Amino acid sequence: MNVWDAIQNRTSIRKYRPDPIEAEKREKIAEAFRRAPSARNQQTWKLLWVEDPALKAKIREVSPGHAPMLEEAPAVLVAVGLEQEESVMTNGHRPDTVNLSIAMSYAILEAFELGLGTCWMAYYKEEELRNALGLPENTSIVAISPIGYGAEEPSQRPRKPLEEVFEVL
Ligand SMILES: Cc1cc2nc3c(=O)[nH]c(=O)nc-3n(C[C@H](O)[C@H](O)[C@H](O)COP(=O)(O)O)c2cc1C
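So, how was this worked out
Residues numbered from 1 in each chain as written. Predicted model: local features only at pLDDT ≥ 70, side-chain atom pairs only at ≥ 80, totals over all residues. Heavy atoms only, no water. Helix = DSSP H or I, 4+ residues; strand = E, 2+ residues; numbered from the N terminus. Rg over C-alpha atoms; globule rule 2.2 N^0.38 Å. Buried < 20%, exposed > 50% of the residue type's maximum accessible area, 1.4 Å probe, protein only. Contact = heavy atoms within 4.5 Å. Pairing = 2+ DSSP bridges. 1 Å grid on protein atoms, 1.4 Å probe; cavity = no way out; pocket = protein on both sides within 12 Å on 5 of 7 lines; lining within 4 Å. Points joined across faces, edges and corners; volume = space filled by probe spheres on them. Nonpolar A, V, L, I, M, F, W, Y, C, P; charged D, E, K, R; others polar. Lys, Arg positive; Asp, Glu negative; His and termini not counted. Salt bridge = Lys/Arg side-chain N within 4 Å of Asp/Glu carboxyl O. Phe/Tyr/Trp six-rings, centres within 6.5 Å; stacked < 30°, edge-to-face > 60°.

1. Thoughts on the overall build of the protein
Of regular secondary structure, the protein possesses seven helices and four strands. When the helices and strands of the protein are placed in sequence order, the string is α-α-β-α-α-β-α-β-α-β-α. In terms of C-alpha radius of gyration, the protein reaches 16 Å, essentially the compact-globule figure of 15 Å for 169 residues. When the backbone C-alpha atoms are referred to their principal axes, the protein occupies close to 45 × 40 × 30 Å. Counting across all 169 residues of the protein, residues that qualify as buried make up 40%. Taking as baseline every contact in the protein between residues at least 6 positions apart, the subset at least 24 positions apart corresponds to 77%.

Here it is, written out as C-alpha cells:
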C-alpha cells in the first residue's frame with residue numbers, strides 16, 4: 001500500500017475487535033508520529049498509547065458521549081503537546097495544535113497501512129482528561145483516537161467536490 005492508497009481508503013472506525021495489537025505495529029505507528037514535521041523542529045510532543053483498561057475507562061468517562069469504542073479498542077492514542085517556547089506562531093496559530101495534528105495524521109495513516117482502524121476524536125474535556133491521565137497543567141491534548149482491528153467496514157463518507165475545495169490562482 002502506498003500513501004495514496006491509504007489516503008483514498010481510510011475511514012473512521014467506531015467498532016473494534018478486542019484482539020491485541022502486535023508490538024512491531026505499535027512501534028511503527030510511534031515511529032510515524034515521531035517522524036512528522038513540527039514548527040522549528042521543536043518536537044514538543046508525546047504520543048501516549050493507553051492500553052490499561054482502567055485508564056481507558058477513565059478516558060471514556062471524560063468523553064461526554066461515553067463512546068464504547070474508547071474501551072472496546074485494545075488501545076487509545078492520546079496526542080499530547082508539551083510546554084511550548086511560544087504560545088502562537090507568527091501566523092497566529094498554536095504550534096501544538098498544528099504539530100500534533102500533523103503527527104496524529106501520520107500515525108493514523110500508518111495504522112491504516114498496517115490494517116488497523118482509528119477514529120480521530122475531539123469529544124472530550126481537555127482538563128478532565130489531563131487529570132485522568134496525570135498530565136501536568138502545561139500540556140495540551142490535541143486529539144485522541146481508539147486504535148485496533150476494526151469490527152466494521154464503513155463506506156467512504158462523502159467529500160465536497162474538488163472544485164469547491166481547490167483553486168488555482
Ligand atoms: C478534528 C476532528 C474531530 C473529530 N471528533 C470526533 C469525535 O469526537 N467522535 C467521532 O466519532 N468522530 C470524530 N471525528 C471523525 C469525523 O467525524 C470523521 O473523520 C468524518 O466524519 C469523516 O469521516 P471519515 O474519517 O470516515 O472519512 C473527528 C474528526 C476530526 C478531524
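2. A closer look at the pairing of strand β2 (residues 75-81)
A large share of β2 lies buried, amounting to seven of its seven residues. Covered by surrounding structure in β2 are A75, L77, A79 and G81 together with V76, V78 and V80, the residues of both alternating faces. Bridge analysis of strand β1 (residues 45-50) against β2 gives six bridges, and the strand direction is antiparallel. Residue L48 lies in a different strand from β2, and its bridge partner there is V78. Bridge count for β2 against strand β4 (residues 140-148) is seven bridges, and the pairing is antiparallel. Note that in β4 the partner of G81 across the bridge is S140.

3. A few points about the layout of surface pockets
In this structure, the largest pocket occupies an estimated 250 Å³ of space. Surrounding the largest pocket, 14 residues form its lining, I13, F112, G150, E152 and E153 being those nearest its centre. Taken together, the residues that form the lining of the largest pocket break down as five nonpolar, six polar and three charged.

4. Observations concerning the side chain of K25
Its location among the elements puts K25 in helix α2 (residues 23-34). E22 is the oppositely charged side chain nearest to the buried, salt-bridge-free K25, at an N-O distance of 4.1 Å. Residue contacts for K25: discarding those within four places in its chain leaves L114, L116 and Y149.

5. Section: the packing of aromatic side chains
The geometry of an aromatic ring pair is captured by the separation of the ring centres together with the interplanar angle, meaning the angle of the planes. Under the counting rule described, the total for this entry stands at one aromatic pair. Ring centres 5.4 Å apart and planes at 55 degrees place the aromatic pair F33 and W45 in the tilted group. Residue F33 is found in helix α2, and its partner W45 is found in strand β1; the two are separated by twelve residues along the sequence. The exposure classification of F33 matches that of W45, with both residues buried.

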